[in-house]
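# Chain and residue survey
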Amino acid sequence: MDLIDNNALNLPMVALRGLVVFPNITLHFDVGRKKSISAVKTAMITKQDIFLSTQKDMSDETENIDAVYDIGVVCEIKQIVRIPSSDCLRVIVEGKYRAELIAFSDVNPYLTAVIRRVDSIPCPEKYSLRAEALVRYAKGLFNEYSIIAQKLPNDINMGVAKLSEPGELADYIAGNIPLDYPQKQEVLSEIDSLKRIQKLIDVLGKEVKLLQLEEDINDRVQSQIDENQKEYYLHEQLKAINAELGEGENPASEADGYREKILKLHLDADSEKKLLNECDRLKYVQPSSPESAVSRNYLDKILELPWHIYSKENLNIDNARRILDRDHYGLKDVKERILEFIAVRKLSPNIKGQIICLVGPPGVGKTSVAKSLAKALNRKYERISLGGVHDEAEIRGHRKTYIGAMPGSIIEAVIRAKTSNPLLLLDEIDKLASDYKGDPSSALLEALDPEQNNTFRDHYIEIPFDLSKVLFVTTANDKSEIPAPLLDRMEVIELFSYTHEEKFNIAKKHLIPKQLKENGIKASQLHFTDNAVHTVIDGYTREAGVRTLERTFAKVMRKAAVKITEGYTGKITVKPADLEGYLGPKKFKPESQSHKDEVGVVNGLAWTSVGGEMLKVEAVKMPGTGKLELTGSLGDVMKESARTAYSYIRSISEALPLDMDFYKNTDIHIHFPEGAVPKDGPSAGIAITTAVVSALTGIPVRADIAMTGEVTLTGNVLPIGGLKEKTMAAYRNGIKTVLIPEENVSDLKEIDDAVKENVDFIPVSKADEVLSLALSKKVPIKDNKKTNLKLKQDRSKPASVWQQN
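All of these numbers come straight from a predicted model, not from anything done at the bench.

Okay, a positive patch on the surface next. Among the surface-exposed residues, Lys555, Arg558, Lys559 and Lys587 lie close enough to one another that they form a single positively charged patch. Here Lys559 shows up in helix α20 (residues 547–565). A relative accessible area of 40% means that Lys559 is categorised as partly exposed.

Listed below in structure tokens is the structure:
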């Protein structure tokens, strides 16, 4: 601090922008200008006071003494805080006394001011009553202000109540309420205490009147509008303000654009009204608000839908047959059914209810058949995967009020197709799940019901959309897993396992050319001999479809690709002898090597969702107490079937060469290998009966016979399902004879020709017939009319069905 004369001081100075400091009041503010920061730091380091005066114009950057007010306040710096990620400082000061700015003694490196202290002129004794009256009036005005403003802390009210000196009260009130800085400077610049309190009363009285007027206006407006119109009113205000200022976007023009596009769609009256109301709502929403984005996204999605847009359908039967034959080998029944479907559509274009469900094991061509159908009909193709879908909203969409809401998968697929009559493939419909979020299979009911889907309502779209022209094709591995209400709406076309000959032709015509192309190998560089293809099918794959077969060929080609890239220029010919080098040892041995008559081992036949399977049934006896042990991950129905077979054997034990007390002193253990695989169903009844009788009598079971059929307590053989898949499994495993229930003879018409030519089918109606045929030695069943069972094979038919004489 430098003394200029007896009354003048030389202090660092900061020119404040939009801020006025009063004596005896603590205030914090930020400084960012270099000279201001330098002045603050110097005052802090040298422990000097600092002079603060307010700029007349906040935007003025000149260092002229006329640019600041001449009355300011000398302050003590209490604290300096550096603001993170900034060059600014936050300064906390406490006002000490008023001072008058006389001159700038220096402007570099910071402003240095020559100041003179200015003390307030106290109130004369003769005006003490007037001063008290002014103080009371000022306090009353402040109370009114604090009630209306409702933002002042309680400690300010307490501070006002404690003060009684007019000048100090004026400084305290002016320093603690939000006023424009010129009004505050007026109060600061007044030296006379009485005049200062009078100026404060004038400013505060005006502020109270303004607040009262604002409150009156607000009350009057609120009384004129109800709660439902409040948002509309506010948006109208914002719209008027934007229009007045010429700022911001104009939502009205955007809404008018949407309105014009909606009118061109020619929707029904209710739908059009709803969408136009949404456009009107968009007009009154601020463009930057989230609600505006929701409305725009909704209207955009509506306009993306292909309203009244259809692709021209091709119903030419010859063209469809050509495409199906080109894309798929075999599948005769499936192709015929699809051609029938197309023919009916040609004769009756407006027919309803044709929803196709393709059911079959994995890899038999369900998805590719749907693609070929779309190609034949000249329809856009879109696929919707339903495997594992457990939320209803995945099908019907989310309400647009939710964050991130979107339409369901059906509407999205139609949008992608860009036509209102695409072919939509609902893949893996048997693998739909359900939980607390809803049942998606129930949500599909409306979409797949021809009587309802012309007004399908997606939760997001909210207006009806016509799905009646959409051709729905669904696929499934297991028909029994499809919910009954859904199954009732579909026409099932079954695809069965491929025969060896079909797999051979598919491999030669489709799989090998496809894999050559995908692996970048030319046909002139790699060739599979026919015997090699046969060996791959028999020795390295055993499946209903051809997916594993395709992967096996791909594995050979990858190894061939390595050889080619290493510089081999000749043609690689893959022969059966070469396969072990490419694929390793055979995974499946020739069936003739594994067929051997064994005691207690029977070839059963099972149906699974991936095709038919050979199911071995094993039974052994051991000394015990007559217990029946069942293992192999069996379901309740299969366990009951085993107990039924056991009871039947006990009922005919007198007619069999058995120990009459076997059920007392012999334990029977029945096992189904591959114990980790769950098994269920009654069709293994005759196989269990044969295995147990073989184990008890010690007579081996013929290994070239397989059987399927349910047995009853009286020995009747009941019909079963899945005969085509089961006989295909027998054929794949080299079985020559299959015992089937007599009531299933009519199902033999559906059996593949290759199976009919290589497998003999023997119908049986009684369990004792099964025992006579399956056991390698004749069982002397005493007192039984069927003991001398004679069979004659009809060799005149490709599929030999043995008839009983």
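What follows continues from the structure just given.
What follows covers the sheet that holds strand β9 (residues 381–385). Across the sheet, which stays open at both edges, the five strands sit in the order β9-β10-β13-β8-β14 with parallel pairing between neighbours. The sheet is open, and its two borders are formed by β9 and β14 (491–494), each paired with just one other strand. Looking at each pair of strands side by side, their axes are set apart by 25° on average, direction ignored. With four bridges connecting them, strand β8 (residues 356–359) and strand β13 (residues 471–476) associate as parallel partners.

It is worth spelling out the side chain of Asp391 at this point. Mapped onto the fold, Asp391 is located in the loop between β9 and α14 (393–396). Within the structure, the side chain of Asp391 is placed 3.1 Å from the backbone nitrogen of Ala393, a separation counted as a polar contact.

Right, let's talk about the nonpolar core for a bit. Of all hydrophobic cores here, the largest spans 54 residues; its most connected members are Ile50 and Leu52. Per-element tally for this core: the top contributor is helix α2 (residues 128–149), with nine residues. Contact partners of Ile50, with chain neighbours within four places excluded, come to Pro12, Met13, Val14, Ala39, Val40, Ala43, Val73, Val74, Cys75 and Ile77. Counting 52 residues, the second-largest nonpolar core is a separate cluster that includes Leu425, Ile521, Val546 and Val556.

Attention now moves to a negative patch on the surface. Judged by side-chain charge, Asp333, Glu336, Glu340, Glu494 and Glu750 come together as a negatively charged surface patch. Tallying contributions element by element places helix α12 (residues 332–347) first for the negative patch, with three residues. Checked against the element boundaries, Glu494 lands in strand β14. The class for Glu494 is partly exposed, based on a relative accessible area of 39%.

This brings us to the packing of α12 against helix α13 (residues 366–377). Taken N-terminus to C-terminus, the directions of α12 and α13 make an angle of 35°; their axes are 12 Å apart at the nearest point. Of the two possible hands of crossing, α12 and α13 adopt the one that is right-handed. Contacts from Val334, Ile338, Phe341 and Ile342 in α12 reach Val369, Leu373 and Leu377 in α13. Within the contact of α12 with α13, the residues separate by chemical class into seven nonpolar, no polar and no charged.

Reading the values: rules and limits
Residues numbered from 1 in each chain as written. Predicted model: local features only at pLDDT ≥ 70, side-chain atom pairs only at ≥ 80, totals over all residues. Heavy atoms only, no water. Patch = residues over 30% accessible without salt bridge, like charges linked within 9 Å, V, L, I, M, F, W, Y side chains within 5 Å. Areas by Shrake-Rupley, 256 points an atom, 1.4 Å probe, with all protein chains shown as cover. Salt bridge = Lys/Arg side-chain N within 4 Å of Asp/Glu carboxyl O. Lys, Arg positive; Asp, Glu negative; His and termini not counted. Charge placed at Lys NZ, Arg CZ, Asp CG, Glu CD. Helix = DSSP H or I, 4+ residues; strand = E, 2+ residues; numbered from the N terminus. Buried < 20%, exposed > 50% of the residue type's maximum accessible area, 1.4 Å probe, protein only. Pairing = 2+ DSSP bridges. Axes fitted to C-alpha atoms, helices over the stretch in contact; angles between N-to-C directions. Polar contact = N/O pair within 3.5 Å; in protein donor to acceptor, adjacent residues only side chain to side chain. Core = buried A, V, L, I, M, F, W, Y, C linked by side-chain atoms within 4.5 Å. Contact = heavy atoms within 4.5 Å. Left-handed = near helix turned anticlockwise from the far one by under 90°. Nonpolar A, V, L, I, M, F, W, Y, C, P; charged D, E, K, R; others polar.

The values are spatial; any link to function lies outside them.
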